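# A structural walkthrough
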Protein chains: 2
Amino acid sequence: MSKLEFWYDLASNYAYLSAMRIEDLAADADVEVEWRPFLLGPIFASQGWDTSPFNVYPAKGRYMQRDMARLCEARALPPFALPDPFPQNSLRAARIALVGCRQGWVAAYSKAVFCRQFQARPQGANPACDISNLDVLAGLLRSIDLAPEPIIELSQSDDIKQALRRQSAAAQEAGIFGAPSFVTETGELFWGDDRLENALQFAQAN
Amino acid sequence: MSKLEFWYDLASNYAYLSAMRIEDLAADADVEVEWRPFLLGPIFASQGWDTSPFNVYPAKGRYMQRDMARLCEARALPPFALPDPFPQNSLRAARIALVGCRQGWVAAYSKAVFCRQFQARPQGANPACDISNLDVLAGLLRSIDLAPEPIIELSQSDDIKQALRRQSAAAQEAGIFGAPSFVTETGELFWGDDRLENALQFAQAN
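Predicted model only: the values in this text are computed from it and were never measured. (Residues numbered from 1 in each chain as written. Chains lettered and ligands numbered in written order. Predicted model: local features only at pLDDT ≥ 70, side-chain atom pairs only at ≥ 80, totals over all residues. Heavy atoms only, no water.)

The next subject is the pairing of strand β3 (residues 181-184) of chain A. Each regular strand displays side chains that alternate between the two surfaces of the sheet. All names here are of chain A. Covered by surrounding structure in β3 are Ser181 and Val183 together with Phe182 and Thr184, the residues of both alternating faces. In this structure, strand β1 (residues 2-8) lies alongside β3, joined through 4 bridges in antiparallel fashion. In the strand pairing of β3, Phe6 is matched with Phe182. Sheet analysis places β3 next to strand β4 (residues 189-191), joined by 3 bridges and oriented antiparallel. Each residue of the ladder has a partner; that of Phe182, found in β4, is Phe190. (Buried < 20%, exposed > 50% of the residue type's maximum accessible area, 1.4 Å probe, protein only. Helix = DSSP H or I, 4+ residues; strand = E, 2+ residues; numbered from the N terminus. Pairing = 2+ DSSP bridges.)

In structure tokens form, the structure reads like this:
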């Protein structure tokens, strides 16, 4: 069975789109997905940015919000909302995700983190949201039937902290410069939710 | 019949992809396309860039070349090649394109300019190419059965120079930050060759 690596930062709105559909598409393509959370911050910093390109370039940011609104509507996802602040600080959420990679619940957890950030509340307001807050993250772990305390403790270990640094360095070495990105077993890189179908086809054929 | 504006810089490789397919797709969707050549340079400059983002961010540039190669293969276009230098200076080519907008041959001309820049020569070498050279542009006009001399003379008139400045300013006012971009009659903006189908659907439905 072919494999495809799914590289994402938990603060990335376009990675949210891929997270919500990669499992079904991969099953149809008979491809196994490896979820690889990492931090985009160090890569953006090496490009001279101290925040998301959607903040650095306001016209691009305004467009992104409209693009996301249209895509969420077309895919029957709840109305899109941008968290405040955007982007969220995803360091702690990513460390917990790495625990999830080892324990087998990374997909369910990542989707919960994404939905909390990018889906409008029923009142229609932007989700007041702070995924750097451990209480918020504990609540998300509980929402997928996990006991948060031992997971959060493990996520703060040196072992996990170093694993996240290695993961983020590996992303940069693979040529990754944005999220989501997809890497096949042959090292072929695809960038963006728009390339998910192409990446799966390539993984299946090679 | 619905209309869709196709905004492009003649030096943009992703705009090349759209130019090669927009006529067929628009005919299928019963949408009329208005070709709107403009200059991205002033917009990039306002974002602090003095060249293409594919040069400013090398990882993105390397990825773009692989992405283009894959897309050209999938669409049965000739092998992709990057012109040297990249991006080309498209000022003179754009002025001629504006003459083409008035005289009705802008689509054929734009495709000729794009193909000359982005299709590998039979020898497989990168196309040694300079679309800022009037002899090269004259040759491209001849290749679509136009007499180049009066066109080139008109393209250097103040009228056309000012029209191009207005066109590029209008692009920025429409929120455009990259090419290709598509704008519907209701002002809906779509960015990137990946959104061409969405833009046509939107134009058709609204």
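Okay, the environment of Ile22 of chain A next. All names here are of chain A. Mapped onto the elements of the fold, Ile22 is located in helix α2 (residues 22-29). Since its relative accessible area comes to 0%, Ile22 is described here as buried. Considering only alpha carbons, one finds Ile22 and Phe6, 16 residues apart in sequence, at a separation of 8.6 Å. Not counting the four nearest positions on each side in its chain, Ile22 is found in contact with Phe6, Val33, Trp35, Phe182 and Leu196. (Contact = heavy atoms within 4.5 Å.)

Let us look at the pattern of salt bridges. All told, the structure shown has 22 salt bridges over all chains when counted by the stated rule. Arg195 of chain B is paired through a salt bridge with Asp194 of chain A; the nearest N and O atoms lie 2.9 Å apart. Residue Arg195 of chain B is located in the loop between β4 (189-191) and α11 (196-205), and its partner Asp194 of chain A is located in the loop between β4 and α11 (196-205); the two belong to separate chains. The class for Arg195 of chain B is buried, based on a relative accessible area of 6%. When salt bridges with common partners are traced through the structure, they connect Arg66, Asp67, Arg70 and Asp194 of chain A together with Glu188 and Arg195 of chain B into a single cluster. (Salt bridge = Lys/Arg side-chain N within 4 Å of Asp/Glu carboxyl O.)

Volume-wise, the second largest pocket comes out at about 340 Å³. Taken together, 18 residues make up the lining of the second largest pocket; nearest its centre are Asp194, Arg195 and Asn198 of chain A together with Asp194 and Glu197 of chain B. Contributing elements (two or more residues each) for the lining of the second largest pocket: α5 (58-74) and α11 of chain A together with α5 (58-74) and α11 of chain B. Taken together, the residues that form the lining of the second largest pocket break down as 4 nonpolar, 2 polar and 12 charged. (1 Å grid on protein atoms, 1.4 Å probe; cavity = no way out; pocket = protein on both sides within 12 Å on 5 of 7 lines; lining within 4 Å. Points joined across faces, edges and corners; volume = space filled by probe spheres on them. Nonpolar A, V, L, I, M, F, W, Y, C, P; charged D, E, K, R; others polar.)

Counting across every chain of the model gives 2 cavities of 30 Å³ or more. Roughly 40 Å³ of internal volume is contained in the largest cavity. In this structure, the largest cavity is lined by Ser2, Lys3, Thr184, Glu185, Thr186, Phe202, Ala203 and Asn206 of chain A. Breaking the lining of the largest cavity down by element, the ones donating at least two residues are β1 and α11 of chain A. Grouping the constituent residues of the lining of the largest cavity by class yields 2 nonpolar, 4 polar and 2 charged. Roughly 30 Å³ of internal volume is contained in the second largest cavity. For the second largest cavity, the full set of lining residues is Lys3, Thr184, Glu185, Thr186, Ala203 and Asn206 of chain B. Along the lines of polarity and charge, the residues of the lining of the second largest cavity split into 1 nonpolar, 3 polar and 2 charged.

Below, the discussion takes up helix α10 (residues 158-173) of chain A. Residue and element names in this part refer to chain A. Between its first and last C-alpha, α10 extends 22 Å over 16 residues, near the 22 Å set by a 1.5 Å rise per residue. Of the residues making up α10, those classed as buried are Ile160, Ala163, Leu164, Gln167, Ser168 and Ala171. For α10, the buried positions fall inside an angular range of 135° around the axis, keeping them on one side. Across from the buried face of α10, at angles greater than 90 degrees, the exposed residues are Asp158, Arg165, Arg166 and Glu173. (Expected span 1.5 Å × (residues − 1). Arc of directions from axis to C-beta.)

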